[in-house]
Amino acid sequence: MYKELVEFCSDRGITLVAVTKIRSISAIQNLYDSGHRNFGENRVPELVEKHEVLPTDIKWHMIGHLQSNKVKYIASFVSMIHSGTSLSLLKEINKRAANNERIIDVLLQIKIANEEAKSGWDMEELISQLSNNELQRFENIRIRGIMGMATFTSDENIIKSEFSNLKSYFDTIKSDFFSHHDYFDTLSMGMSGDYKIAVAEGSTMVRIGSLLFQ
Ligand SMILES: *Cc1c(COP(=O)(O)O)cnc(C)c1O
């Protein structure tokens, strides 16, 4: 499935993040050898371990829930953090990025699913923080866009409307707060089960795991 997905994404100018959680080093190395560079992990220990043994030009994406006290383990190498879910977490990412003399790309994760287990900003709260310039003031963070996960359901209408909402949040935040920043260009939405819907609704980055390894 890898070749089809690569083609699907490159035809549309979309970035494919290969989600490698639970996958072996050799499975990842195989994708690397066929030219893939963007990889995602959802847990810090696995991310650190894989980073240590795999080639250094891999772009590692942290896609899962991130606790502030774990940021220090990934700040020296992580390429993008998709799970920017609070002001205090951004503060910590900024501090650790500065310690490493880096600027880290971060996405603001917004809660679009109606499931308790899924985290992220409430849109009203996010707008209020952005209006107060709380999130844009960090010198060692570049806010590249937003991320969201749809409800786990077989009802495609629900998924479609959640992704459509996320796309309109993206457009609003970009025009109201980042219109002078070319780098606000990333809408991370879509996984194995729903990436086609996500792409139809305007995704620029999909995070795909299980489907890749079939
Ligand atoms: C596991 C995971 C994915 C990929 O899920 P698949 O269904 O295996 O494609 C995407 N995003 C996040 C945040 C994940 O934890």
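The structure we're discussing is the one just above.
All values reported here derive from a predicted model rather than from experimental measurement. Residue numbers restart at each chain and count upward from 1, following the sequence in its written direction. A pLDDT threshold of at least 70 governs which residues receive local features in this predicted model, and a stricter bar of 80 or more applies before side-chain atom pairs are shown or counted, although totals over entire chains, interfaces and linings include all residues. To get the side-chain values, all heavy atoms of the structure are used, and hydrogens and water are removed first.

A. Examining the side chain of E92 more closely. Relative to the helices and strands, E92 resides in helix α5 (residues 87–99). Residue contacts are counted whenever heavy atoms from the two residues lie within 4.5 Å of one another. Residues in contact with E92, not counting those within four places in the same chain, are S68 and V71. The helix and strand labels rest on DSSP assignments: H or I over at least four residues marks a helix, E over at least two residues marks a strand, and numbering proceeds from the N terminus.

B. Highlighting the site of the ligand. If a single non-hydrogen atom of a residue is within 4 Å of a molecule or strand, that residue counts as near it. Around the ligand, the structure places V19, K21, N42, I63, M149, M191, S192, R207, I208, G209 and S210. For the purposes of these results, a polar contact is taken to be a pair of N or O atoms within 3.5 Å, where, inside protein, one atom must be able to donate a hydrogen and its partner to accept one; residues adjacent in sequence count only when each atom of the pair is a side-chain atom. One of the backbone nitrogen or oxygen atoms of G209 is found 2.8 Å away from an oxygen atom of the ligand. Only the protein chains shown count as covering a residue, and every accessible area follows the Shrake-Rupley method with a 1.4 Å probe. Here the ligand has 380 Å² of accessible area as a free molecule, and 86% of this is covered by the chains. Applying the majority rule of atoms within 2 Å of the grid points places the ligand in the largest pocket. Grid spacing is 1 Å over the protein atoms alone, the probe is 1.4 Å, and a cavity is where that probe fits but cannot get out, while a pocket is an open set with protein on both sides within 12 Å along at least five of seven lines and lining residues have an atom within 4 Å of a point. A cavity or pocket is said to hold a molecule if more than half of that molecule's atoms lie within 2 Å of its grid points.

C. Just the packing of aromatic side chains, in detail. A pair of Phe, Tyr and Trp rings is counted when the ring centres sit within 6.5 Å of each other, with Trp represented by its six-membered ring. The angle between the planes then sorts it: under 30 degrees is stacked, over 60 is edge-to-face, the rest tilted. Going through the model one piece at a time under the given rule, you end up with four aromatic pairs. With centroids separated by 5.3 Å and ring planes inclined at 90°, the aromatic side chains of F8 and Y195 adopt a geometry described as edge-to-face. Of the two residues, F8 sits in helix α1 (residues 2–11) while Y195 sits in helix α8 (residues 195–200), which places them 187 residues apart along the sequence. Each member of the pair, F8 as well as Y195, carries the same accessibility label: buried. Pairing F178 with F184 gives two aromatic rings, centres 4.4 Å apart and planes at 15°, and the pair type is stacked. Each residue is placed in one exposure class: buried if its accessible area under a 1.4 Å probe, protein chains only, is under 20% of its type's maximum, exposed if it is over 50%, and partly exposed if it falls in between. With relative accessibility at 3%, the residue F178 sits in the buried group. Judged by its relative accessible area of 0%, F184 is buried.

D. Broad picture of the nonpolar core. Counting 62 residues, the largest nonpolar core has I74, I81, L126, L135, I146 and I173 as its most contacted members. By size, the runner-up hydrophobic cluster in this structure holds five residues, among which are V17, M80, M147 and M205. Buried Ala, Val, Leu, Ile, Met, Phe, Trp, Tyr and Cys residues that are joined via side-chain atoms within 4.5 Å together make up what is termed a nonpolar core.

E. Broad picture of the packing of helix α6 (residues 123–131) against helix α7 (residues 156–177). To obtain an axis, a line is fitted to C-alpha atoms, over the contacting stretch when the element is a helix, and the angle between two such axes runs from 0 to 180 degrees between their N-to-C directions. Two elements in contact, α6 and α7, have axes separated by 11 Å at closest approach and are oriented at 15°. On the basis of the axis angle, α6 is roughly parallel to α7. Along this stretch, α6 crosses α7, giving a crossing that reads as right-handed. Every residue of α7 that contacts α6 at M123, L126, I127, L130 and S131 is listed here: Y169, I173 and F177. Here the nonpolar group is Ala, Val, Leu, Ile, Met, Phe, Trp, Tyr, Cys and Pro; Asp, Glu, Lys and Arg are the charged ones; every other residue, Gly included, is treated as polar. Partitioned by chemical class, the residues of the contact of α6 with α7 number seven nonpolar, one polar and no charged. When an angle is under 35 degrees it counts as roughly parallel; over 145 it counts as roughly antiparallel; between 65 and 115 it counts as roughly perpendicular; any other value is oblique. Whether a crossing is left-handed or right-handed is set by the direction in which the near helix is turned from the far one by less than a right angle, anticlockwise for left-handed and clockwise for right-handed.

F. Up close: the pattern of salt bridges. A carboxyl oxygen of Asp or Glu within 4 Å of a side-chain nitrogen of Lys or Arg is what we treat as a salt bridge. For the coordinates displayed, the defined rule picks out eleven salt bridges. Residue R137 pairs with E134 through a salt bridge whose shortest N-O separation is 3.2 Å. According to the relative accessible area criterion, R137 is partly exposed, its value standing at 41%. Here the salt bridges do not stand alone but share partners, grouping D105, R142, R144 and D185 into one network.

G. The layout of surface pockets, seen in detail. Empty space within the largest pocket amounts to approximately 700 Å³. As for the largest pocket, its lining consists of 35 residues, and the residues nearest its centre are K21, N42, I63, M149 and M191. Counting only elements with at least two residues in the lining of the largest pocket, the list comes to α3 (44–53) and α7. Partitioning the lining of the largest pocket into residue classes produces 14 nonpolar, 13 polar and eight charged. Grid points are joined across faces, edges and corners, and a volume is the space filled by probe spheres set on the points.

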